[in-house]
Each structure stands twice: as structure tokens, then as C-alpha cells.
Amino acid sequence: MLGPVLDGEVALGLRTAPSRVLFGPHVTHLADPRRPRALGPDHVAHYRARAAGGAGVVVTEVASVVAEDHPYEDAPLADLCSAGWSAVAEACRPYGTLVLAGLGHAGGQGSSAYTRGPLWAPSAVPDPASGEVPAVLPPSGIAAVVEGFASAAAAAVAAGCDGVEIGAGQHALLRQFLSGLTNLRDDAYGADRALLLEEVLGAVRRAVGADAVVGLRLTVDELAPWAGITPPVVRSVLSRVAPLVDLVVPVRGSALTVGATRPDGHTAPGFLRAACRDLRVEGVATVLAGSVVDVWLAASALAAGDADLVEMTRAQLADADLVAQVRAGASPRPCVLTNQQCRARDVRNPRISCTVAAPEVPERVVGRSAEPVLVVGAGPAGLEAARTLARGGCPVRVVERSSAVGGLLPLVAGLPGRERFARLVDWYVEELTASGVPISHGVAWSGVVFQPGGHADVGRQESTHDLATGRVVLATGGVDRPGRGTPIAAALRDGLPPGPVVIEDPVGDGAAVALAERLAGDGREVAIVAPGVLIGPGLARTGDLVDAQARLARAGVRRVTESSVTAFADGSVTVADVVTGAATSWPAAVLVDAGPRRAPPVPSRPGLIAVGDAVAPRTVAEAIREGRAAARELMA
């Protein structure tokens, strides 16, 4: 039984958490624009949902402890967070969830765009991401940082929080002081790089007393053994600070390895388990973090004694009710580890979201007859629409032209780093089966004839549910655009003939990269042609851009940038430089078109709502969101 393992109480200092699952601190962009540096009502709702769903510990978004630290536009400021902390604590209290206020300072990994002043860091080492050179934090500034942590911690506890979590992880000034990569000082803080961390934790403990929980998020491996933080260094640090803290969350990575802290599906979940086990300190609760998104993995680590708690932040973004679902013997909505919507450190300031989740379903339809709804197409948009309708009490059935469900997801799941999409399809089938939703395959239905091209041809009537008058969610997917190459969907579905492959990628969303990786892994000769200066630029939003270039290089994939395919015939492809116009040709047996699909013709009438690729090319997140919205509209 997995439930009792996750569900067991755990002591944190003098307090007790009702379960062993922690919802960790993350950028949310949920702030009220009128008070951008405070925690607002949307923050409260965000944390309340996870507490109601069974989280034992909630750590709020990290608040800067001094005003000079303003790492992103709506980064919380501790001086403005007391009311928000109080509201979060009050909202989570009925569930017994412990609330810890996240506190930190981004140091040289911040931004001067908002304060118009210098960044402050241990040494004048440029940030690898921004290139900005910080100023050296003077002794007076160090004293202000220590006092800032202490006063913020006292304010959080006074506001009703059960304690605080001190940030010394990837985006943290305290990590920068610990690391030989960024601390080149010749004073006491350079001779003893752990000195500032010890001073901060000591000041915080004195400020909050023995009753409150003090947590520490600590980078244990910067993946830079020549000068960075390593596990042996961390063992020494933990032995010094253990009397001051109640729990430790080991994390990994630095500014040099941004993708390492929150990797995607290319990295096996639970990658910090061995480090967590080896760094345990008696009397200090240890939290296993690092892509812990599967209940079985979390339960295994807890049962083996490798950790006292598990951080399942992304899993609880996918399903806020994760612990409650486990308690009930149900399967939580699976996290697919894409980082597409949950990676919020982005210049676009996106609100925190999830690739596979959507806002909660409406109340069940009560006291009135619900007119049946037909969902045409069993891709992610159609599946989500059907599930929402069924949970809302509305009669629904699904028709799908193919013999399987999931649309393109089963094909996408065959690509590197995207295998978890198969779990999402299985989960939808389980949910619809439990709700009694019938799915008909390979049939004409409601005036819709399913064609091999994957689109709906309106014209035949073979059902009493008439497309012309009945309520319909049209989720038939897109159609391949005409061109000289093999559409990427067809390449995934039908495979490719032998010989060298060229993939033209005008979109850069990562699909072409994944296909190239798989083909190269099969021993194929592969080239990607893209119009920009990078291959797969959209992967920057998920944190995989740099790692993807390295994987392609290791696989031997030829990367042709700032270029466009101008001809493909007779076993040869011609590519022109988009800047100079110079043309180059080389042998190619196959040209794959990774461009976007097109929306099919859709009839316009009341009661029929098109969703997903039937509207325009959609990501999985957009398709699921539209499927949910269509269902809510039809039930309104």
C-alpha cells in the first residue's frame, strides 16, 4: 500500500506534518499587478489547493529579504508579505498542513533592471546566464543580509507561518558564498565559505525560537567539481549547521547548469536519491527532491529510509489532490516532465501552470436534464472534454476514427524524453472507463466520416445524434499541410524509408529535435535545417535548449542554421542560406516537414465547439485547456 507511506505523520522540530509530501517553493507570477511584490489572493488559492489535496508541508514562493534584491518583476519582498503569509497560513490551517515561508536573496543571479542599482554578490564574477557583473558585497551589506533574513523570519512566524525555509539552492546568494565558482574573496567569508550561511541560520534560529521550523534548501552538487560545491564539502557544512535546522532539502546545479535543478523527461526521476541518502544527518529531517513525480518512487524512498519527506512540487502542479487521490486508492493525473508550463523563470512572466492540468471541474449538474454531448476525436483535447463533461454529470460519448486513443500522443511518447505521455493516455482511459464514458473506434458518427487524413468530413448521417443540431465538441485534430516532404506526424506514424534524412524545422518547438535524436539513435544519417541561429529555440522555455544542442552533437546530427530548404528531388536536397542566399546540396532520401499542421474546415453553429488542433496548431497544454473550457461552456 502506497498511501500509508506517504500519509504518515512526520515530526519537523517541535511540529508535526500530516503527510510526508512537501510542495516546494517556485516562481508563480500569481501576484496582483497592483501589489506585484506581495503574496495575493491567487497565491492563497494556489497553496490552499495543495493543502486540501493532502500536502504535509507547503513552502511559499521565495521572498527577497532585502529590497535591493529584485530577481524578477513580481518577485515577493519579505517586507510586503506579512499579510499574504497570514492569509496562506490561515487557508492551510484546517488541513493541518505546515506552512513555511520561503526566504532568499538571488545575489548575482538577480537583475538590475528593476532597482537600477548594482547586483550584489560575493565576488565580481559575471553571471553565466545574463552576463551581468555584480558588485562585491561589502561587510555592511553582509550584515544587512543577515539582519534581513532574521527579521523576515520573525515576521513570517508572527504572521502565522509554522517556520521558514532558507534558500541556499541554485538561485541563491548563500550558495554563491559557499562556492569556489563565485566566492573569490580574500576576507573571512572567503577563507570560510560557509561562514555566512552559518551566521544567517544562527540569526534566523534566534529570531524564531525553538518552536518554529527552520528549513534549508541547499545545493549539494554544482556539477563543477573543479571549484564548485560537491557532496564532501556539503557534509562538512551540514555538520556545522545541523543544530540550527529541522529539515534539509538537497538540490543540485548552479548558474552554469540551469537545467540540472529542474530537468525534463530526459533525466530519470529521483536523481538525487543516492545523494539524499548519503547526506542524512541525525536529528534533521531530509527531503528527497529532484523530479519525484511518481507515487511509487516516493513511497520506495520513504520506505527504504532514504528520506523523511518527498518534495513532489511538479506532481502536485499536475494534480493538486495527489495525496488525497492516493488515500482514496485512485491514480493522480501524471506529470509528464516537459517543463512547458511549470518553468516560470521566463521573460514572458507566465503564470504557473501545468502541461497536463487545467482548472478544476464545475459542480455536477443537479436538478435539470443534461443534454448529451458527442466528443468527436480522442486526442488530448477530446479526452479532457469528455472527462470534464462526465465528472460534471453530463451524458457524453466519444468517437474516434482510429483504433487507439490519444491522438498524436502515443506517437510522441515514442520520442526521447517524451515517454511519459503514454502514461497520460493510460490515465485518461482509466478515468473515462471509471466514469462509464463509451469510446467508439473506426466508425462514422453524427454526420462525421473519419478519413485517413485525420480530419472530419461533414456530410453523412448515421446516427440519431445529428451534427447539425446536437451538442458537439469537435476535437478531430489538424490536417497535414501540403508540401514536398513527409509531414512529421506521418513520419512518426508510418516510419521512414531507408537513407539519409533531412528535417526542415520552421517552428523550433522541439519535435524535430526529438525525432532527430531517435533517428540518429537508430543509426540513421540525420540533418536538421532551421531558419534561425539555433536549433529548437522553443526549448529555451523548458530549460532544455543547451542540453538539446549537446545531445544532437553527441548523436552526430548535422545542424544547419539560418537556412531553408529550397528543393528536394531525385535523392538530393538543396538548402539556401537565408542571409546570403548561397545554396548547398547534399544527398537525402527523405525530407521531413516539421512545420505546423492546419486546422480542418469546421462548421459554425450554436452547440458545436471546435478545440485543439481543429482550431489551430496547439500544444498539449493548450489542447487540454480548450477541451476543459469547451466542456464548461456546454454545461454552463
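Residues numbered from 1 in each chain as written. Predicted model: local features only at pLDDT ≥ 70, side-chain atom pairs only at ≥ 80, totals over all residues. Heavy atoms only, no water.

### Some thoughts on the overall build of the protein
A tally of helices and strands in the protein yields 20 helices and 28 strands. A globule of 636 residues ought to have a C-alpha radius of gyration of about 26 Å, and the protein, at 26 Å, matches this closely. Projected onto its principal axes, the C-alpha coordinates of the protein cover approximately 80 × 70 × 50 Å. In the protein, which comprises 636 residues, the share counted as buried stands at 57%. Residue pairs at least 24 apart in sequence account for 68% of intrachain contacts in the protein once pairs closer than 6 positions are excluded. Surface exposure of the protein reaches about 24700 Å², of which carbon and sulfur atoms provide 54%. One way to put it: in the protein the 57 positive side-chain charges average out to a point 3 Å from where the 65 negative ones average out. (Helix = DSSP H or I, 4+ residues; strand = E, 2+ residues; numbered from the N terminus. Rg over C-alpha atoms; globule rule 2.2 N^0.38 Å. Buried < 20%, exposed > 50% of the residue type's maximum accessible area, 1.4 Å probe, protein only. Contact = heavy atoms within 4.5 Å. Areas by Shrake-Rupley, 256 points an atom, 1.4 Å probe, with all protein chains shown as cover. Lys, Arg positive; Asp, Glu negative; His and termini not counted. Charge placed at Lys NZ, Arg CZ, Asp CG, Glu CD.)

### Remarks on the sheet that holds strand 27 (residues 590-593)
With respect to topology, 5 strands assemble into an open sheet ordered 20-27-21-22-23, the strand pairing being parallel. Each edge of the open sheet carries a strand with a single partner, namely strand 20 (486-487) and strand 23 (558-560). By the bridge criterion, 3 bridges tie strand 22 (residues 526-529) to strand 23 in an arrangement that is parallel. Across the sheet, residue Ala 527 finds its bridge partner in strand 23, namely Arg 558. Packed onto the sheet, helix 18 (residues 511-521) meets strand 21 (501-504), strand 22 and strand 27 and runs at close to 170° relative to strand 22. (Pairing = 2+ DSSP bridges. Axes fitted to C-alpha atoms, helices over the stretch in contact; angles between N-to-C directions.)

### Focus: the environment of Val 10
For Val 10, the location among the structural elements is in strand 1 (residues 10-12). Apart from residues lying up to four places away in sequence, Val 10 is in contact with Arg 15, Thr 16, Ala 17, Ser 19, Arg 20, Asp 308 and Leu 309.

### Thoughts on the sheet that holds strand 26 (residues 583-587)
One open sheet accounts for 3 strands, arranged 24-25-26; its pairing is antiparallel. One side of each edge strand has no neighbouring strand; the edge strands of this open sheet are strand 24 (563-569) and strand 26. Neighbouring strand axes in the sheet, compared pairwise and without regard to direction, differ in orientation by 25° on average.

### Notes on the packing of aromatic side chains
One pass over the full model with this rule turns up 3 aromatic pairs. Pairing Phe 23 with Tyr 47 gives two aromatic rings, centres 6.3 Å apart and planes at 70°, and the pair type is edge-to-face. Of this pair, Phe 23 sits in strand 3 (residues 21-23) while Tyr 47 sits in helix 2 (residues 41-52), placing them 24 residues apart in sequence. Exposure class is identical for Phe 23 and Tyr 47. Each is buried. Note on Phe 177 and Tyr 189: the rings are 6.3 Å apart at their centroids and 80° apart in plane angle, and the pair reads as edge-to-face. Highlighted residues: Phe 177 in helix 5 (residues 173-178) and Tyr 189 in helix 6 (residues 188-191), separated in sequence by 12 residues. Here Phe 177 matches Tyr 189 in class, with each residue buried. Lying over the aromatic face of Trp 586, Arg 558 brings its terminal NZ or CZ to 3.9 Å of the ring centre. (Phe/Tyr/Trp six-rings, centres within 6.5 Å; stacked < 30°, edge-to-face > 60°. Lys NZ or Arg CZ within 6 Å of the ring centre and 35° of its normal.)

### Brief notes about helix 11 (residues 295-303)
Within the sequence span of helix 11, burial applies to Val 295, Leu 297, Ala 298, Ala 299, Ala 301 and Leu 302. Positive phi shows up at Gly 305, right after helix 11, with a value of about 80°.

### Section: helix 18
An α-helical turn contains 3.6 residues, so any two residues separated by three or four positions project in the same direction. Counting buried positions along helix 18 yields 8 of 11 residues, so the element is predominantly enclosed. Residues of helix 18 that are buried sit in contact with helix 17 (488-494), strand 21, strand 22, helix 19 (545-555) and strand 27. A positive backbone phi angle near 90° is found at Gly 523, which sits one or two residues after helix 18.

### A few points about the pattern of salt bridges
In this structure the tally under the stated criterion is 29 salt bridges. Between Arg 551 and Asp 544 there is a salt bridge, with its nearest N and O atoms 2.8 Å apart. (Salt bridge = Lys/Arg side-chain N within 4 Å of Asp/Glu carboxyl O.)

### Digging into the side chain of Glu 311
Inspection of the secondary structure puts Glu 311 in strand 13 (residues 309-311). Overall, the relative accessible area of 12% leaves Glu 311 in the buried class. Within the structure, the side chain of Glu 311 is placed 2.7 Å from the side chain of Arg 217, a separation counted as a polar contact. In terms of polar contacts, Glu 311 uses its side chain to reach the side chain of Thr 313, at 3.2 Å. If we ignore the near neighbours within four places in the chain, the residues touching Glu 311 are Leu 22, Gly 24, Arg 217, Val 249, Val 287, Leu 288, Ala 289 and Val 292. (Polar contact = N/O pair within 3.5 Å; in protein donor to acceptor, adjacent residues only side chain to side chain.)

### A closer look at the nonpolar core
The biggest cluster of nonpolar side chains holds 132 residues, and the ones touching the most others in it are Trp 85, Leu 103 and Ile 166. Other than its neighbours up to four places away in sequence, Ile 166 contacts Leu 103, Phe 149, Leu 174, Val 200, Leu 201, Val 204, Gly 215, Leu 216 and Arg 217. Core analysis: the second largest hydrophobic core is formed by 26 residues, Val 501, Ala 520, Val 526 and Val 557 among them. (Core = buried A, V, L, I, M, F, W, Y, C linked by side-chain atoms within 4.5 Å.)

### Quick look at the environment of Ala 631
Its location among the elements puts Ala 631 in helix 20 (residues 620-635). With a relative accessible area of 0%, Ala 631 lands in the buried category.

### Section: the side chain of Arg 175
Note that Arg 175 resides in helix 5. Taking the relative accessible area as the measure of exposure, Arg 175 reaches 2% and is therefore buried. A polar atom in the side chain of Arg 175 sits 2.6 Å from the side chain of Gln 109. Of note is the side chain of Arg 175, whose polar atom sits 3.3 Å from the backbone oxygen of Gly 169. Leave out the neighbours within four places in its chain, and Arg 175 touches Gln 109, Ala 168, Gly 169, Gln 170, Thr 219, Glu 222, Ile 229, Gly 253, Ser 254 and Ala 255.

### Some thoughts on the environment of His 43
Examined against the element boundaries, His 43 turns out to sit in helix 2. Classification of His 43 as buried rests on a relative accessible area of 1%. Apart from residues lying up to four places away in sequence, His 43 is in contact with Thr 28, Leu 30, Ala 31, Ala 38 and Glu 61. Reaching out from His 43, the side chain makes a polar contact with the backbone nitrogen of Gly 40 at a distance of 3.0 Å. There is a polar contact of 3.2 Å between the side chain of His 43 and the side chain of Glu 61.

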